[in-house]
Protein chains: 4
Amino acid sequence: MSRLSDLMSTVFARRYSRATEPDRTGRSIEELCEALLGSSGEVSGMILARHILDRYAALDDNGKRGFFGFLTAQLGIDAEAVRTTLAAFEATPTKATYRAFLGASEARRQELARRLNQVPGATGQLVEMRKDLLRLMRDAPELAVVDLDFRHLLASWFNRGFLVLRPISWESPAEILEKIIAYEAVHEIGNWQELRRRVQPEDRRCFAFFHPSMPSEPLIFVEVALTRGVASSVQNVLSEKRDIIRADDADTAVFYSISNCQEGLAGISFGNSLIKQVVADLSRELPGLKTFVTLSPIPGLTRWASETGSDLPDNSPEQQCQRAAHYLLTAKRGDGAPYDPVARFHLGNGALVHAVHAEADVSANGLAQSGGAMVNYLYDLSLITQNHERYASKQTIAASPEVTALARAAQKTAV
Amino acid sequence: MSRLSDLMSTVFARRYSRATEPDRTGRSIEELCEALLGSSGEVSGMILARHILDRYAALDDNGKRGFFGFLTAQLGIDAEAVRTTLAAFEATPTKATYRAFLGASEARRQELARRLNQVPGATGQLVEMRKDLLRLMRDAPELAVVDLDFRHLLASWFNRGFLVLRPISWESPAEILEKIIAYEAVHEIGNWQELRRRVQPEDRRCFAFFHPSMPSEPLIFVEVALTRGVASSVQNVLSEKRDIIRADDADTAVFYSISNCQEGLAGISFGNSLIKQVVADLSRELPGLKTFVTLSPIPGLTRWASETGSDLPDNSPEQQCQRAAHYLLTAKRGDGAPYDPVARFHLGNGALVHAVHAEADVSANGLAQSGGAMVNYLYDLSLITQNHERYASKQTIAASPEVTALARAAQKTAV
Amino acid sequence: MSRLSDLMSTVFARRYSRATEPDRTGRSIEELCEALLGSSGEVSGMILARHILDRYAALDDNGKRGFFGFLTAQLGIDAEAVRTTLAAFEATPTKATYRAFLGASEARRQELARRLNQVPGATGQLVEMRKDLLRLMRDAPELAVVDLDFRHLLASWFNRGFLVLRPISWESPAEILEKIIAYEAVHEIGNWQELRRRVQPEDRRCFAFFHPSMPSEPLIFVEVALTRGVASSVQNVLSEKRDIIRADDADTAVFYSISNCQEGLAGISFGNSLIKQVVADLSRELPGLKTFVTLSPIPGLTRWASETGSDLPDNSPEQQCQRAAHYLLTAKRGDGAPYDPVARFHLGNGALVHAVHAEADVSANGLAQSGGAMVNYLYDLSLITQNHERYASKQTIAASPEVTALARAAQKTAV
Amino acid sequence: MSRLSDLMSTVFARRYSRATEPDRTGRSIEELCEALLGSSGEVSGMILARHILDRYAALDDNGKRGFFGFLTAQLGIDAEAVRTTLAAFEATPTKATYRAFLGASEARRQELARRLNQVPGATGQLVEMRKDLLRLMRDAPELAVVDLDFRHLLASWFNRGFLVLRPISWESPAEILEKIIAYEAVHEIGNWQELRRRVQPEDRRCFAFFHPSMPSEPLIFVEVALTRGVASSVQNVLSEKRDIIRADDADTAVFYSISNCQEGLAGISFGNSLIKQVVADLSRELPGLKTFVTLSPIPGLTRWASETGSDLPDNSPEQQCQRAAHYLLTAKRGDGAPYDPVARFHLGNGALVHAVHAEADVSANGLAQSGGAMVNYLYDLSLITQNHERYASKQTIAASPEVTALARAAQKTAV
């Protein structure tokens, strides 16, 4: 039944995704927005909302700039009204005065977005709208206030509790698989045959979060290799010629690629939840899995080495590992957080630096960003909370004894 | 695939709906809330949220009053902060100043609710929480401010665009059907056999809205009879002995019962959308359907007649119809809206008063509230917008010539 | 997608389950059958088949007797043709001669049944037809040859490889659950509340086999209690007041009821496969389960005791157990197989007699058939093949040392 | 629920598709077959069947020839037993004598195939086995008797009533779509982008029949273009640059490609049923569709023209059409049936020759087989039975007046 309902919602979304006929009243998109905000009921709201979304979709960048300018200038807050209603609420804190304050202190563009979102399928279009906004904001910083309102609403709508985890496999719909190809951001997927190698064998898995209102659009996905022992080379993981093992025989799950899919959801974080739910689900399905690690790039290593004058092109694998360990454990930004962005993500999630490998990603990109080195971050459920808390409160970086030793060795030999 | 995902979300919801182990830190629910609001990331947020929901569920009414009092007093807005951040934003309207204002002007209990809602399955528990709040507010009006925040969030989460329409049939899961029995609010369903008569025959339909995060909980449902001609008696509609017709032979869809299911969603309206989507879907499935009407109670008639001294117990069916028409077209509340609540709902949706019938609901309840009279409201898609606008702007009540004539006759004979 | 296809097949089955218009040619059902067998292609075959099934459904018992008589007399084999084609094949064993022999040696009624089965939904009607046949055969043994052909075809169509195992739960469609109520043959289900207690709690399970062409009709189902330790009383299992345990805490699965649903499939056995697949699936889902036993009636005990003069109404629980053990291990039919039909089924499957309990089924029926005694048959996957082979070859009954000892004690005390 | 069951059956099929451990008894595949046929119950049958299928899969062609030779020689009928049991049945036609005859007259390899088919997933392997057999039979005609038994069983199992029609779209699983690419036999699909153009736009449809035991294997599929007016060029239909129309605006459904997928099901016909069910389903979904035609190749035209010395390479489009019409209406095989195989198929289904087009398939293959001409066969539901009957009884070819006139013109001008 749920399946049917999902289908219906999809069919419905399509059926209503184009207004059956254009608005013939000659009103501008801004006038339509005002009409929608003024609309007393739901009767004509859905049609108005549909027209506004259609009209927006037809705008060029100039038109979009104008529209966002309108949202900035006309649908913001009225400071005077905020002050007045706040004073009234302070004087007599009742339901009525609080309601007036709530109305005044929220920008009208939030209510506009909620009313646009009544239309089935609109959520995805609002995400696209924010993607436009983020792009146009770069040259128009005054639009940033609109983005804050968008982000506030989207964070509420894309709350973890509303997301659904789906396995992605060779049985998944082609329309979703082609998006996996398109959105893969770490280790490119060249074509459908390469995709198949990542999702079809029983020792390869992929999982994505979806929002029920965007059933064909993954929000974020992770690719997992089930292995015996911890993988130390992404080329081995992706090799055409590798031996496929039985899922039941694996003892380790290696998260070798995580990609965010929706630029319009920038700043709304799904990765931590995704990894942890996949760890939980795989543990349950395959009790033989004992170790959950990533096989991650070290994107800042070369740059940092170059900035700090510590790049030594011809060092041995051992030295490369020492240098990578040293970098991961000691290289910091101005605010004290790790220099490496991927490290910040996994350490913030409560993972620890488990192992480093030289010659682990010998692609052009891998060599360029880290001289081919990669790192395993370990998700050990029994340590995650403690790691996270120490990291959050004191920026302490958890690491295995081996990595700590490598980093020390690096300091001694002044890598 | 969607089906699987739905199932997963259900299974997941159950698996995580009880915290695997209680919070052993000895903190109060209020301290747990502060911890959740302070939590820097998602790592321990999910577990904290789970503990708070568990703790809440175990509270008695006194405990709940205390909890809502805490939300009122401690997690509201800080007026001084609102003023300061507002002034800063007015002085320099930047992203940073606006972010500060947004933070200050929203009660912290909204963020608390959003964080609680991270837990799969939490949405339903938050709806239950509001149900408690609405009940306890009756004796504690100061809690109403909390309710405004709850309602604001729930209206955003239960936005029309997120709802899914599902047909309810004898193929539906028993766990949903038992809720249809429980929630039916207009014409009671005594047992499973009566339910079957309402959902299994091909000329009986039922549709409900669901939210993806509460897949086993209908939000609102409507029961429909497919008939030849407009039904004029609900006992005929529900009769065990009636002849079942082929759906393809029906020319009329009669909406004879609409029930809201979730007290915790009071004030968030789904009925208008539900009726209109069902009209759209049935039209498409069964092109033979030409007329979409309700068969509705007139719950205020007897009371109004008694208040206005116009009740004449022994009048003829003709006189009853005149009186009902007169009531529906002329009886008003102080604010000028129709006296009858069901009339307000359908007229507000853009329906018109199509026909009135005496002896149409001869149940004890039907006789008590309207002397047995019922009314058909007609949903004519070509007139809905116009009807709605006239009603919204001038409180004009649209009615068929027959009903208008009956109402006039009533005035002449001074019923 | 599969879900949709299933639905479609259901919808399709319904849409075409009534011929859109009756056959107006005035032909008898027998003439229609001859036309269908003569039909050169599929073009009119589907319509003819539909008419024949409709016509059959409208027959009374006399008409059905006539129809089956026609199948017996007119659509059997032509012995002369068998002989001729056989001789030709022997003389020149070619494709052509073998094809002729195949055609001659199969009764034409088999081809008729296959052509009837072209109609979506027909399979269930053919099963119903055999149910009629089995009933009418009792007074008309000459029809038995028709039944052999029916059974041959149905055994091929209801091959284990085509069956689908589905869990039955409180989320199952009402139209299936009402059949579980109707078909329960061991421990009656009085109403929907009792049903709910058997399928909703997490320590109660139910599984059924379905055939894809009869998606709303269970073929056989088994009810399972997940327990700590082996259950010794069916009243305890079914008690309203029992404590529900977590499925993960159970160490034992007790199969306390198995019911065949389709009389028209009599003689086509599903029980053995069902039990073994449920054992396999539950083992996988709940690794904590270590023991799989039945809690079975001993339906022949009282009758046998009465026949052998060994019934002693007032004996102690200990004596009752001894007597039951003695009966199960030694009471035989003329052919050497166990006297007890339930014992024959489970021992034939490779189970062993694990334990006997007095006062285990104190319902009127339980007391009448076995003085309240019940038995656990143990399905130990490591012993099943060996048990089965010894039973099949030498009628050896496998039993636990405890039961063996009880049976010996019974003999000593000459129960 | 059905969806789940489908998934389960898939999962189950995979889980059991490899025997968990090999048969270690050292028996030959023939000995295993004898053991399976002798097996008294289901207990060890499933495991034996699994081992036989595994063993077969590992055979090379010589081994397979040996296996089929065993089926031919050892598992056929025993003529003497047929004669004896037939005589006994003639003498005393009872259930027992008929059962004995049934047993003797059916080759034991049929029972073997049924027992192999107990294993989930085995059906597809048996289809593959027959594919091998058809190939090896070419050089070993004595194996044809085995094929007749296989075909008999498969025709019963792949009965129309067991097949499920599924739409194939861009939402279909990749594992099914890749088979559409592989199995397309008429107008090649070069890659995933071309596939997408055939299944994603709303004016392009694809439908396939599936068997529930082979849920990822289409049996036959048809590709449909929804158009305004009848399409006269397949390159236009497949063009990248064509305009997509709304499905609701189409008045014609053009079946431009039909492909059988399973060589192992050769001789078991699905095409007629497929076309007619698709016509029925599309009619219902899109009431605007008034015309259902094919756009078919004329594969025998060039060969026939060459054989009859009537090929005139440089004739005009008009002359080409005349010649094609003449060919379709008059060229016959020795048995009086149309010379053209595609014509035989559609005319046998009750279609009529509606129109012929020159320059309709200008691919290398199209030019080679028919000089680029194509034909529309019209499926007019009101004429199908009549057309079919006239064709079946008198080999009358139904054609439109236009095509008849073209054919006549061809004869006059002695094309």
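Only a predicted model underlies this, so the values are computations on that prediction, with no experimental measurement involved.

### A closer look at the packing of helix α15 (residues 317-330) of chain B against helix α19 (residues 401-412) of chain B
Residues and elements named next belong to chain B. One way to put it is that α15 packs onto α19 with a least axis distance of 7 Å and a crossing angle of 100°. Considering their axes alone, α15 and α19 lie roughly perpendicular with respect to each other. Seen from α15, the contacting residues are Cys 321, Gln 322, Arg 323, Ala 325, His 326, Leu 329 and Thr 330; seen from α19, they are Val 403, Leu 406, Ala 407, Ala 409, Ala 410 and Gln 411. Here the contact of α15 with α19 is composed, by residue class, of eight nonpolar, four polar and one charged.

### Let's talk about the environment of Arg 284 of chain B
Residue and element names in this part refer to chain B. Looking at the secondary structure, you find Arg 284 in helix α13 (residues 271-285). You can call Arg 284 exposed: it has 11 C-beta atoms within 10 Å. Distance from Arg 284 to Pro 297, taken between C-alpha atoms, is 28 Å for residues 13 residues apart in sequence.

### Side note on helix α10 (residues 174-183) of chain B
If you check which residues of α10 of chain B are buried, you get Ala 174, Ile 176, Leu 177 and Ile 180 of chain B. Burial along α10 of chain B is one-sided: seen end-on, the buried residues are contained in an arc of 160°. In the core, the buried residues of α10 of chain B are packed alongside α11 (192-199), β2 (204-210) and β3 (220-227) of chain B together with α10 (174-183) of chain C.

### Focus: the relation of the copies chain B and chain A
Of the transformation superimposing chain B on chain A, the axial component is 0.0 Å and the angular component is 180°, with the fit at an RMSD of 0.1 Å. Here the copies are linked by what is in effect a two-fold axis. Here 100% of the interface residues in chain B have copies in chain A that are interface residues too; the copies meet face to matching face.

### Some thoughts on the confidence of the model for chain A
Residues and elements named next belong to chain A. Summary statistics for chain A give a mean pLDDT of 90 and a share of 92% for residues scoring 70 or more. Taken together, the stretch residues 1-19 has pLDDT below 50 and engages in 38 contacts with residues farther than four places along the chain or on a different chain. With pTM at 0.91, the complex prediction returns an ipTM value of 0.88.

### Overview of the domain arrangement of chain A
Residue and element names in this part refer to chain A. For chain A, the assigned domains read domain 1 (27-157), domain 2 (161-294) and domain 3 (297-412). Relative to domain 3, the C-alpha centre of domain 2 lies at a distance of 23 Å. Domain 2 puts 13 residues into the contact, and the matching count from domain 3 is 17 residues. Secondary structure elements with two or more residues in the side of domain 2 that touches domain 3: α12 (234-238), α13 (271-285) and β5 (291-294). At four residues, the largest contribution of residues to the side of domain 2 that touches domain 3 is made by α13. The class makeup of the residues in the side of domain 2 that touches domain 3 is seven nonpolar, six polar and no charged.

### Some remarks on the environment of Asn 365 of chain A
Mapped onto the elements of the fold, Asn 365 of chain A is located in helix α17 (residues 364-370). The exposure class of Asn 365 of chain A is partly exposed, given the 13 C-beta atoms found within 10 Å.

### Overview of the packing of helix α5 (residues 79-91) of chain C against helix α5 (residues 79-91) of chain D
Closest axis-to-axis distance for the α5 of chain C/α5 of chain D pair is 11 Å, and the angle between their directions is 170°. Considering the angle they form, α5 of chain C stands roughly antiparallel to α5 of chain D. Side by side, α5 of chain C and α5 of chain D meet where Ala 79, Val 82, Arg 83, Leu 86 and Glu 90 of chain C of the first sit next to Ala 79, Val 82, Arg 83, Leu 86 and Glu 90 of chain D of the second. Here the contact of α5 of chain C with α5 of chain D is built from residues that sort into six nonpolar, no polar and four charged.

### Thoughts on the interface of chain B and chain A
Listed per partner, the contact involves 57 residues of chain B and 58 residues of chain A. Among the secondary structure elements, those contributing two or more residues to the side of chain B that touches chain A are α1 (2-15), α5 (79-91), α6 (95-105), α8 (122-137), α9 (144-157), β1 (164-167), α13 and α18 (384-394) of chain B. The element contributing the most residues to the side of chain B that touches chain A is α1 of chain B, with six residues.

### Points about the pairing of strand β1 (residues 164-167) of chain D
Residue and element names in this part refer to chain D. Going residue by residue along β1, you find Val 164 and Arg 166 tucked away on one face and Leu 165 and Pro 167 left uncovered on the opposite face. Here four bridges tie β1 to strand β2 (residues 204-210), and the two strands are oriented antiparallel to one another. Among the inter-strand pairings, Leu 165 is bridged to a residue of β2, identified as Phe 209.

### Quick notes on the environment of Leu 134 of chain D
All names here are of chain D. By secondary structure assignment, the location of Leu 134 is in helix α8 (residues 122-137). The exposure class assigned to Leu 134 is partly exposed, which follows from the 18 C-beta atoms found within 10 Å. Through-space distance from the C-alpha of Leu 134 to that of Gly 38 is 28 Å; in sequence the pair is 96 residues apart.

### Quick word on unusual backbone geometry
In this structure, Glu 359 of chain B takes a positive phi of about 55° despite not being glycine. In this structure, Glu 359 of chain B sits in the loop between β7 (352-357) and α17 (364-370). We classify Glu 359 of chain B as partly exposed; it has 17 C-beta atoms within 10 Å. For Gln 395 of chain D, which is not glycine, the phi dihedral falls at a positive 55°. Here Gln 395 of chain D lies in the loop between α18 (384-394) and α19 (401-412). Accessibility expressed as a C-beta count within 10 Å gives 13 for Gln 395 of chain D, which makes it partly exposed.

Rules behind the numbers
The written sequence of each chain sets the order in which its residues are numbered from 1. Chains and ligands are labelled sequentially in the order written, the chains with letters from A and the ligands with numbers from 1. Local features in this predicted model are restricted to residues whose pLDDT is 70 or higher, and side-chain atom pairs enter the listing and the counts only when it is 80 or higher, whereas totals over whole chains, interfaces and linings include all residues. Helix axes are fitted only over the stretch in contact, all axes being lines through C-alpha atoms; the angle between N-to-C directions runs from 0 to 180 degrees. Runs of H or I in DSSP of at least four residues are treated as helices and runs of E of at least two as strands, each being numbered from the N terminus. Small angles under 35 degrees read as roughly parallel and large ones over 145 as roughly antiparallel, with 65 to 115 read as roughly perpendicular and the rest as oblique. Residue pairs qualify as contacts under a 7 Å threshold applied to their C-beta atoms, which are placed from the backbone. Classification convention: Asp, Glu, Lys, Arg as charged; Ala, Val, Leu, Ile, Met, Phe, Trp, Tyr, Cys, Pro as nonpolar; all other residues, Gly among them, as polar. Any residue whose C-beta has 12 or fewer other C-beta atoms within 10 Å is treated as exposed, any with 20 or more as buried, and any in between as partly exposed, C-beta atoms being built from the backbone. This arc describes the spread of directions from the helix axis toward the C-beta atoms. To superpose the copies, least squares is applied to the C-alpha atoms of every residue with a pLDDT of at least 70 in both. Values of pLDDT, the confidence the predictor places in each residue, fall between 0 and 100. How far each domain reaches was decided by an automatic or database domain assignment. Note: two strands are recorded as paired if DSSP finds a minimum of 2 bridges between them.

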